[in-house]
Amino acid sequence: MRVGVRALLGWGLMLGLVASVGAQTKAPVAPAATPPAAPSTMQQRMQQMLEFAKTHYEKHEYRIAMRDGVKLYTQVYTPIAGQFEDKGPYPFLMTRTGYSCGSYDNPVVMPRVTTNMDVLESGYILVCQDVRGRWESEGSWVEMTPPKDGKGIDESTDMYDTVEWLLKNVKDNNGKVGITGISYPGFYTVASIINGHPAIKAASPQAPMMNLFDGDDAYHGGTFMLGANHSFYAEFYSPQKNPLKEEPKNNFEFFTKDAYAYYLKMGTLANLDSPAGNTNPLYHDQTIHDTYDGYWIARNMEQHMFGVKAAVMTVGGWFDAEDLAGPVKLFHAIDKLSPEAAANTLVEGPWVHGGWARGSGASLGDIEFGSDTSEFFRKTMEAPFFAHYLKDAPWTPLPKAYTFETGSNVWKKYDAWPPKPAETKMIYFQPEGGLGWSAPTIKESKDEYVSDPAHPVPYVGYVTEADPPQRYMDDDQRFAATRPDVLVYETEPLTEDVTVVGPVRPRLKIASTGTDADFDVKLIDVYPENYPDAEEDEGKHVLAAPPVMMGGYQMLVRGEPFRAKFRNSLAKPEPLVPGQVTAVDFSMQDVNHTFLKGHRIMVQVQSSWFPLTDRNPQVFMDIAKAKPEDFKKATETVFHEAGAASGIELMVMPK
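Nothing here was measured: the structure is a model prediction, and the numbers come from that model.

*Asks:* I'd like a rundown of the overall build of the protein chain, residues and numbers included.
*Replies:* Looking only at helices and strands, the protein chain features 13 helices and 26 strands. Counting every position in the protein chain, which comprises 655 residues, the buried fraction comes to 60%. Expressed as a percentage of contacts within the protein chain between residues at least 6 apart in sequence, the contacts between residues at least 24 apart total 78%. Carbon and sulfur atoms provide 54% of the accessible area of the protein chain, an area that totals close to 24900 Å². Of the side-chain charges in the protein chain, 61 are positive and 84 negative, and the distance between the mean point of each set is 5 Å.

This is how it looks when you write it as structure tokens:
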């Protein structure tokens, strides 16, 4: 929801700019004889989409009354007769959003439902709805509306009432409804299919928020995702006085574009949750609810996925910095609570937040994936999914899990996730920075470092703005490996490929001189020193940007923070006993990655990751109330000895 939302909205804003060039005409025009070649840039693709939409779809605007009388603004785009090979009747394809359907009370055609040209060209009745309490819809809005499970009005009932109205009032429909959405609209897709209307035959929640305190946008391992959340609310997302056609101007500006310097100077969460940080009630809620309390429990969608009857294709990205946890959590929740669902498929590609809906998906930062993965998804998975369940088109059913294996850069089909053949293995920290599959036998062995909140470890090796760059999810970690407050463990060069799937589970034995501490763990793929560079080495006289040296590149495969006070419960934090050996075990997000022969597996451990996450004072306290003087240095110890072995539990595929 947080970091990528402006990027996701960018295509809608771009459509708006292009739309201003020419409004939609209701008169039919001759269909194009041959579809144009695939555009080479995102802007060209958006231009193509707009041009196609305004000559093939007719816009209608409605305010649909819900069961309590609240009216929700709804745009409906119907196929123009004679413009499609499919002559109808047509199914509905819908998205529900808190980010605005846009272009209110005018004839401009700008359907913010899908970026998939194969879907648009197939012919659907496209529906965009502003959710309750946002933009042109009436009512009161609630952050990630808690489900009422059939005992009150919620997003499920609003969807149910909307479907009833659409079926009765929009002509030439075939009685079938699909729903999709990315990020926050992904959440609304999830919420809409709980005890869903029987006409909803297909749903594709994409990067959906499922549990904001446990791995999605707000908190990871009890640590607050600082930069993404503060920049989202301070600059972009705030309560509204609806109905509203245009967002009031936000005059907030960061006093520097260097996020590390900005958040270090602002100092505390309390200072950010003030006029100086341009706080609002939504951001305030994120910071004060810093344990898994009733606020978060009510919003945990995993416990509400009952009555899902539609076929569900959940989509996520292995490098999604915002909602990486959500898709996997939803997939498992539907399997558990709604086994009667017509289908339940998990799709994971090498994508950032929403990357499958825009761009090619051929690379991220310095890492190449060998093919246009996003286009492959749109053409061979997304479009056929909706065509089958909403139009009865023939197809080859998707596997239970269809995932892209990074490292080897191949698509994999599995009948379960994680794959059933995977074996759980522990890779252990060793003396002298080693990493191996055998537990250490030495009686006494440990590493220590001083964690200083005044000089936190940055999460990237370059200057960034507050909104984190999406490429950090697979960025080079060599900058961190040189710091004295980062521990580094690595294997010898691998003699055979090692494929890791599913969750990554650190199992640490630690001690601290403080009463709280963070342990940020990073699983890294180290490239061989002789790995070829992506571009020519310009030598010492570099005039442009310095070349990327891929030999020895330390690719981040998965990184997660964890706050030690939550080691036994996210709801009931407990202080560390200074100097006492303590187990800190947690689970990181899922992966599907092959460490190739000749590469090395590396693990880095540190106690800050700034300003991606908030700083820990290293004192057991309510961090939202921390003052500058509360932040203390602490010595952190990680053990790798007999009886106190640290390492990472991995699920490894057999040869």
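Moving on, there is more to tell.
*Asks:* Which residues make up the pattern of salt bridges, and what values go with them?
*Replies:* Inspection of every chain in the model, using the stated rule, returns 27 salt bridges. When the shortest N-O distance is used, the salt bridge between Asp 335 and Lys 400 registers 2.8 Å. Taken together, the residues Asp 335 in helix α11 (residues 325–337) and Lys 400 in the loop between α12 (373–391) and β13 (401–405) connect sequence positions 65 residues apart. For Arg 563, the salt bridge is made with Asp 614, and the minimal N-O distance between the two is 3.1 Å. Note that Arg 563 is positioned in the loop between β21 (554–560) and β22 (582–585) and Asp 614 in the loop between β24 (600–606) and β25 (634–639), a separation of 51 residues in sequence. Comparing Arg 563 with Asp 614 shows no difference in burial state: the two are buried. Here the salt bridges share partners, and the residues they tie into one network are Arg 63, Asp 105, Glu 136 and Lys 245.

*Asks:* An account of helix α5 (residues 184–192) is needed here, citing residue identities and associated values.
*Replies:* For α5, the tally of buried residues reaches nine of nine residues, placing the bulk of the element in the interior. Of the positions making up α5, those classed as buried are Tyr 184, Pro 185, Gly 186, Phe 187, Tyr 188, Thr 189, Val 190, Ala 191 and Ser 192. Tucked inside the fold, the buried residues of α5 contact β3 (90–97), α4 (155–169), β5 (173–182), β6 (200–206) and α11.

*Asks:* Explain the sheet that holds strand β1 (residues 57–65) to me, using residue names and the numbers behind them.
*Replies:* What the 10 strands build is an open sheet, ordered β1-β2-β4-β3-β5-β6-β9-β10-β13-β14; its pairing is mixed. Strand pairing shows two members of the sheet lacking a second neighbour, β1 and β14 (410–414), which therefore form its edges. In this sheet, neighbouring strand axes are inclined to one another by 20° on average, regardless of whether the strands run parallel or antiparallel. Packed on one face of the sheet, α5 meets β3, β5 and β6 and runs near 135° to β5. Running at roughly 160° to β6, α12 makes contact with β3, β5, β6, β9 (311–317), β10 (343–349), β13 and β14 of the sheet.

*Asks:* Describe the state of the cysteines, naming the residues involved and giving the relevant values.
*Replies:* Applying the stated criterion to the full structure yields one disulfide. Note that Cys 101 is cross-linked by a disulfide to Cys 128, the S-S spacing being 2.2 Å. Across the S-S bond linking Cys 101 and Cys 128, the dihedral sits near -95°, which makes this disulfide left-handed. With a gap of 27 residues between them, Cys 101 in the loop between β3 and α3 (117–122) and Cys 128 in strand β4 (residues 125–130) connect regions that are remote in the sequence. Look at Cys 128 and you get buried, because its relative accessible area is 0%.

*Asks:* I'd like a description of the packing of aromatic side chains, backed by residues and values.
*Replies:* Overall, the coordinates contain 53 aromatic pairs when judged by the stated rule. On the basis of an interplanar angle of 80° and a centroid distance of 6.2 Å, the ring pair of Phe 369 and Phe 404 is categorised as edge-to-face. Here Phe 369, found in the loop between β12 (367–368) and α12, pairs with Phe 404, found in strand β13; they are 35 residues apart in sequence, far enough to count as distant. We note that Phe 369, like Phe 404, is buried. Looking at Lys 265, its charged tip hangs above the ring of Phe 255, at a distance of 5.6 Å from the centre. Lying across the ring of Phe 631, Arg 615 places its NZ or CZ 4.3 Å from the centre.

*Asks:* Give a detailed account of unusual backbone geometry, specifying residues and quantitative values.
*Replies:* Here the residue pair Trp 417 and Pro 418 is connected by a cis peptide bond, since its omega of -5° sits within 30 degrees of zero. Mapped onto the fold, Pro 418 is located in the loop between β14 and β15 (423–429). The omega angle of the peptide bond from Phe 610 to Pro 611 is -5°, so this bond is cis rather than trans. Assignment of secondary structure puts Pro 611 in the loop between β24 and β25. A positive phi is found at Asp 105, a non-glycine position, where the angle reads about 55°. Here Asp 105 is to be found in the loop between β3 and α3. Here Asp 105 falls in the partly exposed class, since its relative accessible area comes to 42%.

*Asks:* So, the environment of Leu 364: which residues are in play, and what are the values?
*Replies:* Summarising the element assignment, Leu 364 is placed in strand β11 (residues 363–364). In this structure, the C-alpha to C-alpha distance between Leu 364 and Val 352, residues 12 residues apart in sequence, is 8.1 Å.

*Asks:* Describe the sheet that holds β21, naming the residues involved and giving the relevant values.
*Replies:* Taken together, the four strands give an open sheet; going across it, the order is β18-β24-β20-β21, and neighbouring strands pair in antiparallel fashion. This sheet does not close on itself; its edge strands, each paired only once, are β18 (487–490) and β21. On average, each strand axis in the sheet is inclined to that of its neighbour by 20°, with strand direction left out of account. Note: β18 against β24, four bridges, orientation antiparallel. Bridging across to β24, Tyr 489 finds its partner in Val 603.

Cut-off values and rules
Starting from 1, residues in each chain are numbered consecutively following that chain's sequence as written. Where totals are concerned, whole chains, interfaces and linings use all residues; where local detail is concerned, this predicted model gives features only for residues with pLDDT of at least 70, and gives and counts side-chain atom pairs only at 80 or more. Water and hydrogen atoms were dropped before computing side-chain values, which therefore reflect all heavy atoms in the structure. Numbering of helices and strands runs from the N terminus, with a helix taken as a DSSP run of H or I at least four residues long and a strand as a DSSP run of E at least two residues long. Only protein chains enter the accessibility calculation, which uses a 1.4 Å probe; a residue is then buried when its area is under 20% of its type maximum, exposed when over 50%, and partly exposed in between. Note on contacts: a residue pair is in contact if any heavy atoms of the two residues lie within 4.5 Å. To measure how exposed things are, a 1.4 Å probe is used in the Shrake-Rupley method; for residues, cover is taken only from the protein chains shown. Counting rule for charge: Lys and Arg are taken as positive, Asp and Glu as negative, and neither His nor the chain ends is counted. Where a charge lies is defined by one atom per residue type: Lys uses NZ, Arg uses CZ, Asp uses CG and Glu uses CD. Salt bridges, as used here, are contacts in which a Lys or Arg side-chain nitrogen is within 4 Å of a carboxyl oxygen on Asp or Glu. The criterion for strand pairing is that DSSP finds at least two bridges linking the strands in question. Only the contacting stretch of a helix is used when fitting its axis, a line to C-alpha atoms as for every element, and angles between N-to-C directions run 0 to 180 degrees. Note on disulfides: each one is a pair of cysteine sulfur atoms within 2.5 Å. Only Phe, Tyr and Trp rings take part, Trp by its six-membered ring, and two of them pair if their centres are within 6.5 Å. Stacked means planes under 30 degrees apart, edge-to-face means over 60, and tilted covers everything else. Should the NZ of a Lys or the CZ of an Arg lie within 6 Å of a ring centre and within 35 degrees of the ring normal, that charge is described as sitting over the ring.

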